[in-house]
Amino acid sequence: MHLLRALILAIVAACVSAPPQPAPDTKKPVPALQPPSDDRIIKGVQPLSYDLLLDVDPSQEGYGGQVKIRLRLTEPTRVIWLHSLDHVIQMASFHQAGKKWLSLKTERAGKDWLAVRLPQVAPAGEASLSLRFSGRFANPLFGVYRVKEGDDWYLFSQLEPLGAREAFPCFDEPGIKTPFTVRVIAPKKDRVFFNTPKLEEKTDRAGKILHQFAETKPLPTYLLAFAVGPIDVLHRPEWDMKRADGSSLQIRLLAAKGKAKRGKTALRETAKILALEEAYFGSPYPYAKLDIVAVPDFAAGAMENPGLITYREQLLLFDEKVDPISRYKAYANVHAHELAHIWFGDLVTMAWWDDLWLNEAFATWFAYKIVNQYRPDWQVLTDRLGGFNWVKESDSTSTSRRVRGPIKTRGDIHNAFDGITYTKGHAVLSMFEKYVGEAAFQAGVRSYLKKNAWGNATFEDLLIEIEKASGKKGLKAAFETFIFQAGVPNVAMTGGARCGPVTARQVRWQPLGSPPLPQDRPWQIPLCFKDLGTGQNHCRLMDQPKEVFEFTGCEGPLLPNPGGAAYMVPSLGTPWLGALMAQTSLTELEHVALVYDLRKAYSAGHLSPEQVLALAQGVSGTSDRVQQQALGLIGDMGGIVEGDLRPRWQALLGRLGLVHALEHGWRDDGIDDPAHWQIRRTTLSWASRWSGNDALKAEAFDLANDLIEGRPVERELAPTALSMLTEDGDAALFDRLLAAFEQAEDPWRRSTLLQGLAGFRRPELSLRSLNLALSDKLRSNEIGRVVWGPSGDYRVRDQAWTWLKKNLGTLRELLPRNSSRYLVYYPTAQCTELAKQELSAVFSPYLGGKEAMEGLDRHLQAATERIDRCMAMRKKHQHALGKILTQGP
Ligand SMILES: [Zn+2]
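Residues numbered from 1 in each chain as written. Predicted model: local features only at pLDDT ≥ 70, side-chain atom pairs only at ≥ 80, totals over all residues. Heavy atoms only, no water.

1. What about the pairing of strand S7 (residues 113-122)?
Here's step 1: As defined by bridge partners, strand S3 (residues 77-83) adjoins S7 across six bridges and the pair is classed as antiparallel. The partner of Thr77 across the bridge, within S7, is Ala122.
Here's step 2: Sheet analysis places strand S6 (residues 105-109) next to S7, joined by five bridges and oriented antiparallel. Following the sheet pairing, Lys105 is matched in S7 by Arg117.
Here's step 3: Between S6 and the antiparallel strand that follows it, S7, lie three residues; Gly110 among them carries a positive phi value of about 60 degrees. (Pairing = 2+ DSSP bridges. Helix = DSSP H or I, 4+ residues; strand = E, 2+ residues; numbered from the N terminus.)

Structure (structure tokens):
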């Protein structure tokens, strides 16, 4: 263990004005003390500010620290509870009104509670608590953690949620915002970065450097961030933010040694994206500096620490000239999301985790809005329908949670970071923005930010401001029908194939195989019908279980919920749906939304395979985006096809893709559009595999070999070609690919080659790729790639499940913290009763006790329901699909 050095002891002495005392035994259990029953601190203690000193060396696992917390006791207090995980407390002292209590007893309780027991009751008033401690860096990828890159060691951090308590003893709750003054002692060779600018550096007698940072604005603990190591800095004054009023903001990009130069595009474009956000909010970026950090190993996509935003390095280190457009789009989306948090999350912070959606739904919604302004040609408002479609599936399980739900346990906090919060929350915000109008919504947002700046807020604070700005009485009540109950409304409609009246009934949407799902109140749905004859929209709030919509001056047919604007699933009869699918006047967004409605109708059993195939194939001749959606739906229908029928199904897909594939080929066709690349990946993959066209296949293999050998390739298509080569590849190919992967420095190349390794389908090679997860060749955030690679493929999934069962305990230690509970979805593609039983047997031991995976119970139930649905789909549609494949439709 790394112990405190002489300099720290001197600083400690300065802080607590008394020599350190012998350390008490912190492990001794004291049954008399009970920690708070939830994760919230005791109300009588209010932190006012922190002085934090950390003494670190990234090459060492241990570190030391000292924290002095200024407090206000709002009532007489005998025991101070704070969060701390696995720290050894070497000294604790308490000062109040000239009184000093040194060498206080500290006791641990629960997983991460620390109690400081005062010798007698301290009266209400200001005080300070000082703790000297040592700890070990948490791993993997949580708290403050170590990363080895080449021969160098680094420290990075991820403190949301509940990670600050792993770094230092603190009051780790989002509603508690205070200023922090931070000093870090680190080896001379390392650079050190924190949320605020550095004030000075001093050398200590041991040759280490003390880095002193400016005091932060009020922040919750989860937004602190650190980066230590031989870090590269990219800064170009011409890419700083410069505003019309003459003010400016320095923007820098940080990366591991030698890598920052790859981040030029990411750095150059930051000020442009930030300027769009400042214009929307009507207020400038409120912190003193902005560094964006490309972290070599990072569990999430990015983290919005003010002044030091951290990213997976692939998101910042890309080359717009050669990398796929999806990389640039991912950068823009994630970057716009993190920058949105500067206002929604950092400047105004949720009071408690139940309002996490105020951070995440807002930032997700806002990112699409901003990227659509930044690059309208990318059509991201159409792309987002894919996310809405996906989240409706998880929102229709019996375990789905409310967007704003009660948070009672640590598992609830972890589970709040899910699709319901991010994507359903995004869909609901988008729906109500349309309902009240963009200008009124924006005015409400600005007013909310102004009133709550530097503090905390709840959902009510936001909704009240939007309701006021829009003048729409009852908006809050309508909104609450979506965020206070789980589920997706399904509105069954009759009568609109021509012109109304339309009778509409709402119930909770249930796909095939769902258990009966509860619904506690009708949704208040802003529902629009577009008259395709006149182009007019007819909108009103549907707030009753059954309503009749009348239309005057209508020419028809009527398009319900145009563009998928409302969070709902419409059910139309087949003639109505068919009439709409054939319309040429639909916009691309409307047409794509309609294909998603078709998908939902199929999964609820309202349409047969013949009907879906006919309707989906009917969209040929429309735009690439629409056709891609239709092909995606057809491809997914094959998930239930088994045995002898599988080659027939593959031949059908091969035929469907062939004309398009031959027209455009595997090489550059001169059309650079994200939707075009996407449909080419689909048709080339199907036609080269299953149409019997050997020339196409040979071309794919050439492209894949060029990729492995490091020759310049079309990066949009090369990964698809590589997956074709590896699925039948032999051991020699595996060795070649592994060697290329180990030498790859370019982030795109490294992740593409790893994806290739995860794609071998010969059993012995699939096993080799799985075993890479247990080797030291992968970063923590790459392990999931190889683990999940074979999970859905009928040739190797049984073997992979056996492997997973054997290695679950080890994987749990290797995967990023708190992510192992998602492995519960691993066998869902097997779609059998046996898989369901095994699922329960394998994961039940982790529901509680010492080995518990926090929040697992909900996921176990959801995974079980996913298997039920798959089995129900198979039962309902397999026969008809088989008939089509053997006899033709
Ligand atoms: Zn976020």
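Having seen it, we continue.
2. A closer look at the coordination of the zinc ion
Here's step 1: Only His337 (NE2), His341 (NE2) and Glu360 (OE) from the protein reach the zinc ion as donors, at distances of 2.0 to 2.1 Å.
Here's step 2: On the primary sequence, the residues serving as donors to the zinc ion are separated as H-x3-H-x18-E. Taken as a pair, His341 in helix H5 (residues 325-343) and Glu360 in helix H6 (residues 356-374) lie far apart in primary sequence, 19 residues in all. (Donors = N, O, S within 2.8 Å, 3.2 Å for Na, K, Ca; no water.)

3. Looking at the packing of aromatic side chains
Here's step 1: Enumeration over the complete set of coordinates arrives at 42 aromatic pairs.
Here's step 2: In textbook terms, an aromatic cluster arises when at least three aromatic residues are bridged by ring pairs, as seen for Tyr280, Phe281, Trp343, Phe344, Phe362, Trp365, Phe366, Phe441 and Tyr448.
Here's step 3: Positioned above the aromatic ring of Phe484 is the side chain of Arg402, whose terminal nitrogen or guanidinium carbon lies 5.2 Å from the ring centre.
Here's step 4: Here the guanidinium or amino end of Lys472 rests over the ring plane of Tyr435, the centre of that ring lying 4.5 Å away. (Phe/Tyr/Trp six-rings, centres within 6.5 Å; stacked < 30°, edge-to-face > 60°. Lys NZ or Arg CZ within 6 Å of the ring centre and 35° of its normal.)

4. Remarks on the domain arrangement of the chain
Here's step 1: What the domain assignment lists for the chain is domain 1 (1-230), domain 2 (231-324), domain 3 (344-486), domain 4 (488-640) and domain 5 (645-727).
Here's step 2: Here domain 2 and domain 5 have C-alpha centroids that lie 35 Å from each other. (Domains from an automatic or database assignment.)

5. Here's the deal with the sheet that holds strand S22 (residues 308-312)
Here's step 1: If you walk across this open sheet you meet the five strands as S16-S19-S20-S22-S21, and the pairing is mixed. Among the strands making up the open sheet, the edge pair consists of strand S16 (232-234) and strand S21 (302-303).
Here's step 2: Direction of pairing for strand S20 (residues 290-295) relative to S22: parallel, over a ladder of five bridges. By the bridge assignment for S22, Asp291 is matched with Leu308.
Here's step 3: Docked against the sheet, helix H3 (residues 264-281) engages S16, strand S19 (251-255) and S20, running at close to 145 degrees with respect to S19. (Contact = heavy atoms within 4.5 Å. Axes fitted to C-alpha atoms, helices over the stretch in contact; angles between N-to-C directions.)

6. Observations regarding the pattern of salt bridges
Here's step 1: A complete count under the given rule lists 67 salt bridges for this structure.
Here's step 2: Of the charged contacts in the structure, one is a salt bridge between Lys468 and Glu465, with a shortest N-O distance of 3.5 Å. Placement of both Lys468 and Glu465 in helix H11 (residues 459-470) is noted, with a separation of three residues, approximately one turn of the helix.
Here's step 3: Residue classification places Lys468 among the exposed residues on the basis of a relative accessible area of 54%.
Here's step 4: A salt bridge links Asp669 to Arg680, with the shortest nitrogen-to-oxygen separation between them at 3.1 Å. Here Asp669 is found in the loop between helix H17 (645-664) and helix H18 (674-690), whereas its partner Arg680 is found in helix H18, with eleven residues between them in sequence.
Here's step 5: A residue is classified by how much of its surface remains accessible, and Arg680, at 0% relative accessible area, is buried.
Here's step 6: Via salt bridges that share partners, Asp39, Lys111, Asp112, Arg165, Asp172, Arg410 and Glu854 belong to a single interconnected network. (Salt bridge = Lys/Arg side-chain N within 4 Å of Asp/Glu carboxyl O. Buried < 20%, exposed > 50% of the residue type's maximum accessible area, 1.4 Å probe, protein only.)

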